[in-house]
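# Coordinates in review
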Amino acid sequence: MSTSGATASPLTTWVTWASTLPRGVSEIFFQNNVWTGLLIIAGFFFADWQMALLVVIGAVCSTVAGALMRVGADNIRIGMQGFNGALIGAAMYTAMGGEGWAYLFTVIGGVLCAPVTWFFVWLFATEPLKRFALPSTTAPFCTVAGIIYASTLNLHVSGSTVHATDGTGESVLRSLLTNVSEVVLVNSVWAGALILLGLFIASWKVGLAAVMGSVIGSLCALALGETDATIAEGLAGYSGVLTAIALSVVFLKSSAASWVYAAVGAAITAVTTLVMTDLTDQPHYTWPYILTTWVLLVVAAFIPMLKRP
């Protein structure tokens, strides 16, 4: 049998692996899309070039660590090992700014994301959780970032948690885009617009779900009495963006029922965010989305109209 064409050229191999980085960043929003990832990275530059650099370092470290743990070449190529590390880089910037410590802990945190991801995958593969096929999603990032944040309080830069702001728009209207950008810890209308464009490029359904989650998050925050500043910065609605995407088109088969369920999930996420904000001063990152989505996926297993992909 001829083996002609069976082996990829060095250029093709290089391009394939080079695309792993933007694919990893795009997986923050559950997408395996190079252009989406590049637009998200561009969004980070609206915050600070050092933030963008830390995001890249974190994604590379978690991807390499995953490769060393032999998680599988396909898993690595589609970016599934990169997104938690990318978020670690963003979190270290918001806590420590561009200080040298931020780079050190981005490397450490990025590497740790690989074994923590493995743990969640193992946990959800055990009985009785196995039947629900729960995703580890951004739980590894939240776990690692939370531990690093709590153990490095003396290294935090005053005011760094404000992120980058561009001061445009009124609170609710502005939040429709900052809810999207705050998923990656950036407070910027322009970054949100770039990221949302990337989501629509990946899929119009994903983009529409992000808009739905953002609108519901802002309206719920307004109804729950959140301050204008909190709403404007996207801090009250960002987790709802992820919940809406996750339940409408990612972890459930897209249908009228899944979209209604996702809308309810985004509202529940808004309440969860408020409760967690009242309970602790420590950043809760994307835990409101994670906890809400896990619970609703378990509930969905008992609702015939809601199907898994």
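Residues numbered from 1 in each chain as written. Predicted model: local features only at pLDDT ≥ 70, side-chain atom pairs only at ≥ 80, totals over all residues. Heavy atoms only, no water.

All right, on to the overall build of the chain then. Looking only at helices and strands, the chain features 15 helices and 0 strands. Against the 2.2 N^0.38 benchmark of 19 Å for 309 residues, the chain shows a C-alpha radius of gyration of 19 Å, consistent with a compact globule. Across its three principal axes, the chain shows a C-alpha extent of roughly 70 × 50 × 35 Å. When each of the 309 residues of the chain is scored for burial, the buried share is 51%. Pairs at least 24 apart in sequence give 71% of the contacts found in the chain among residues at least 6 apart. Taken as a whole, the chain presents about 13,600 Å² of accessible surface, with 70% of it coming from carbon and sulfur. (Helix = DSSP H or I, 4+ residues; strand = E, 2+ residues; numbered from the N terminus. Rg over C-alpha atoms; globule rule 2.2 N^0.38 Å. Buried < 20%, exposed > 50% of the residue type's maximum accessible area, 1.4 Å probe, protein only. Contact = heavy atoms within 4.5 Å. Areas by Shrake-Rupley, 256 points an atom, 1.4 Å probe, with all protein chains shown as cover.)

Time to look at the pattern of salt bridges. For the structure shown, the criterion picks out 1 salt bridge. When the shortest N-O distance is used, the salt bridge between Asp 74 and Arg 77 registers 2.5 Å. Of the two residues, Asp 74 and Arg 77 are both situated in helix H5 (residues 73-77); the distance of 3 residues between them amounts to about one turn of the helix. Under the relative-accessibility criterion, Arg 77 is labelled partly exposed at 26%. (Salt bridge = Lys/Arg side-chain N within 4 Å of Asp/Glu carboxyl O.)

The grouping of Leu 173, Leu 176, Phe 200, Trp 204, Leu 208, Val 211, Val 215 and Leu 219 at the surface amounts to a nonpolar patch, some 720 Å² of accessible area in total. At the level of secondary structure, the elements contributing two or more residues to the nonpolar patch comprise helix H9 (171-181) and helix H11 (204-223). No other element matches H11, which puts 5 residues into the nonpolar patch. With respect to the helices, strands and loops of the structure, Trp 204 is situated in helix H11. (Patch = residues over 30% accessible without salt bridge, like charges linked within 9 Å, V, L, I, M, F, W, Y side chains within 5 Å.)

Computed from the structure, the second largest pocket encloses a volume of approximately 390 Å³. With 4 residues, the single largest contributor to the lining of the second largest pocket is helix H7 (residues 100-124). For the lining of the second largest pocket, the class distribution of residues is 12 nonpolar, 6 polar and 1 charged. (1 Å grid on protein atoms, 1.4 Å probe; cavity = no way out; pocket = protein on both sides within 12 Å on 5 of 7 lines; lining within 4 Å. Points joined across faces, edges and corners; volume = space filled by probe spheres on them. Nonpolar A, V, L, I, M, F, W, Y, C, P; charged D, E, K, R; others polar.)

The next subject is the packing of helix H13 (residues 238-250) against helix H15 (residues 287-300). With their axes 8 Å apart at the nearest point, H13 and H15 run at an angle of 30 degrees to one another. By the angle between their axes, H13 is roughly parallel relative to H15. Where H13 crosses over H15, the handedness of that crossing is right-handed. Of the residues in H15, those touching H13 at Ser 239, Leu 242, Thr 243, Ala 246 and Leu 247 are Pro 288, Tyr 289, Thr 292, Thr 293, Leu 296 and Leu 297. (Axes fitted to C-alpha atoms, helices over the stretch in contact; angles between N-to-C directions. Parallel < 35°, antiparallel > 145°, perpendicular 65-115°, else oblique. Left-handed = near helix turned anticlockwise from the far one by under 90°.)

This brings us to the environment of Thr 152. As for its placement among the helices and strands, Thr 152 is situated in the loop between helix H8 (139-151) and H9. Given a relative accessible area of 2%, Thr 152 falls into the buried group. Separated by 33 residues in the primary sequence, Thr 152 and Leu 185 have C-alpha atoms spaced 19 Å apart. Filtering out sequence-adjacent residues up to four positions away, Thr 152 remains in contact with Met 96 and Phe 105. At 2.6 Å, the side chain of Thr 152 and the backbone oxygen of Ile 148 are in polar contact. (Polar contact = N/O pair within 3.5 Å; in protein donor to acceptor, adjacent residues only side chain to side chain.)

What follows deals with helix H3 (residues 34-45). Taking 1.5 Å of rise per residue, the 12 residues of H3 would be expected to cover 16 Å, and the 17 Å separating its terminal C-alpha atoms lies within 8% of that figure. Taken together, the buried positions of H3 are Thr 36, Gly 37, Leu 39, Ile 40, Ile 41, Gly 43 and Phe 44. Summarising the contacts, the buried residues of H3 are in contact with helix H2 (20-26), helix H4 (49-68), helix H6 (83-96) and helix H10 (189-202). (Expected span 1.5 Å × (residues − 1).)

This part covers the packing of aromatic side chains. Summed over all chains, the structure comprises 12 aromatic pairs. Ring centres 5.9 Å apart and planes at 35 degrees place the aromatic pair Phe 119 and Trp 122 in the tilted group. On the criterion of helical spacing, the pair formed by Phe 119 and Trp 122 is a turn pair, its members being 3 residues apart in helix H7. Here Trp 122 falls in the partly exposed class, since its relative accessible area comes to 45%. Connected via pairs of aromatic rings, a cluster forms that spans Trp 118, Phe 119, Phe 120, Trp 122, Phe 124, Trp 287 and Trp 294. (Phe/Tyr/Trp six-rings, centres within 6.5 Å; stacked < 30°, edge-to-face > 60°.)

Function cannot be inferred from these measures alone, as they are strictly geometric.
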